[in-house]
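What follows is the residue order along each chain.
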Amino acid sequence: MKSLKFLDFLFVIFFITLVIDFNRFGIPENFQSVFKGGVIALIILVFLIKWSQKPFKPKLSLFVKAFLALVVVSLFYTVNFKESLTGIVVLFSTILLLLLARRTFSLTKIFQLIRIACTCIILFSFCLYIFRSSSSYDFLQGKERFAGITYGAHPLASISVFFILITAINYRFKLSTRFFVDNTMLLIALLMITEADSRQAVIGLVIALLFLVWHRINLLSKVFLFSFSILTIIFISQGVEKEKFLKNQSRTSTSEEVTTLTGRTAIWLKSIEIIKNKPVLGNGYNAGQFELENNYQTMHGWSTRSAHNFLLHTGLDLGLIGILLILYGVISTFKAIYKFHSKLAFSILLYCLIISFVERGFAGGVNIYSFIFLLANLYIPNLNNHRLQDIHGK
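An account of the accompanying structure is given in this report.

Here is what the cut-offs are and how they apply
- Residues numbered from 1 in each chain as written.
- Predicted model: local features only at pLDDT ≥ 70, side-chain atom pairs only at ≥ 80, totals over all residues.
- Heavy atoms only, no water.
- Salt bridge = Lys/Arg side-chain N within 4 Å of Asp/Glu carboxyl O.
- Helix = DSSP H or I, 4+ residues; strand = E, 2+ residues; numbered from the N terminus.
- Buried < 20%, exposed > 50% of the residue type's maximum accessible area, 1.4 Å probe, protein only.
- 1 Å grid on protein atoms, 1.4 Å probe; cavity = no way out; pocket = protein on both sides within 12 Å on 5 of 7 lines; lining within 4 Å.
- Points joined across faces, edges and corners; volume = space filled by probe spheres on them.
- Nonpolar A, V, L, I, M, F, W, Y, C, P; charged D, E, K, R; others polar.
- Patch = residues over 30% accessible without salt bridge, like charges linked within 9 Å, V, L, I, M, F, W, Y side chains within 5 Å.
- Areas by Shrake-Rupley, 256 points an atom, 1.4 Å probe, with all protein chains shown as cover.

1. Re the pattern of salt bridges
Thought 1: Under the definition given, this model contains seven salt bridges.
Thought 2: One salt bridge in this structure joins aspartate 8 and lysine 109, with 3.1 Å as the shortest N-O distance. Taken as a pair, aspartate 8 in helix 1 (residues 2–17) and lysine 109 in helix 5 (residues 107–130) lie far apart in primary sequence, 101 residues in all.
Thought 3: Look at aspartate 8 and you get buried, because its relative accessible area is 11%.
Thought 4: Note that lysine 270 is salt-bridged to glutamate 273, the shortest N-O span being 3.2 Å.

2. Details of empty space enclosed by the protein
Thought 1: Summed over all chains, the structure comprises three cavities of 30 Å³ or more.
Thought 2: When its volume is computed, the largest cavity comes out at roughly 80 Å³.
Thought 3: At the level of elements, helix 3 (62–73) and helix 16 (368–379) are the ones that each hand at least two residues to the lining of the largest cavity.
Thought 4: When residues of the lining of the largest cavity are assigned to their parent elements, the largest contribution, three residues, is made by helix 16.
Thought 5: Residue composition of the lining of the largest cavity, by class: nine nonpolar, three polar and no charged.

3. What about a nonpolar patch on the surface?
Thought 1: A cluster of nonpolar side chains, contributed by Phe6, Phe9, Leu42, Leu45 and Ile49, occupies part of the molecular surface with about 440 Å² of accessible area.
Thought 2: For the nonpolar patch, the secondary structure elements donating two or more residues are helix 1 and helix 2 (29–53).
Thought 3: With three residues, the single largest contributor to the nonpolar patch is helix 2.
Thought 4: If you trace the backbone, leucine 45 turns up in helix 2.

Next up, the structure:
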């Protein structure tokens, strides 16, 4: 029992390390590396102990096997061996943790642990918000945007979205202590999304919630919802001037900010140029970001390590082979989830996919989005009917 509690704790802590930024608290960056390294060492140690007690053969999907093989091969040609090796260690540690989780927990338990991790991040960030900590804000696109204890506004917004989706799937309108706690936390999560000013998170959340609603209503309601949505879009589009609408959506009152997706189109073009230099195998796992940083710069001297698109970022790391492989992984994973009717898993992964089109998402080193993606690949295809019923509370 104690070992199970410790594995719960380890899972939650590892998930938190994917987004937490200790610099917000004035803690040196070296501590963050040491702390994460310690968590990774614990994961490896726990896996070896569990393995010695009861050996088991890890079941990996074809995509995971091929992807792991490709990232290991990339060590032989990477442009940054240290970063590739570090990324691979974190990747394999994540796989080990998820294998332990799959062997020990039901899917319901997995989402409960993710919800606990999200709750911790949201509450600690909310405390910083109350005290108006200046270190918890980032200046982006001419505006101070709240990031809480995370490394950016978008990760905080995504963590809040995860919490909302996991809470929504089992939401019950019944007066109780849990009802008031859940609603308070939902309001705080919505506040975090608002203060982070993450438009992509809002769009992703709306689409994911619509998916959940769509699968809970009857055919007549679906027809009504679809028709109402189309008519609303037509009505709004006819009454709004395009240029004025774009300026209203912009943080800097310029339509170019919206049409270029806050400069992402320029980053995409530069990423394509870099991929053309090494089109087949790329620059090495977790190393392509440095090629982008060294070759891209705005007129204000700002650069980035993210291609802001999971396909392009994969291309920077692992070339066209990596792009084809990640596409296969996405398609096969969504098919598996849909086949097993796991609505919560599908809605969260759908949200992650939407974000992945404007952020690195599934690509690059392990982050909250690729963690969910790996979880789906390692966990969901192996579910039995009993565990699927658990997630819907039936």
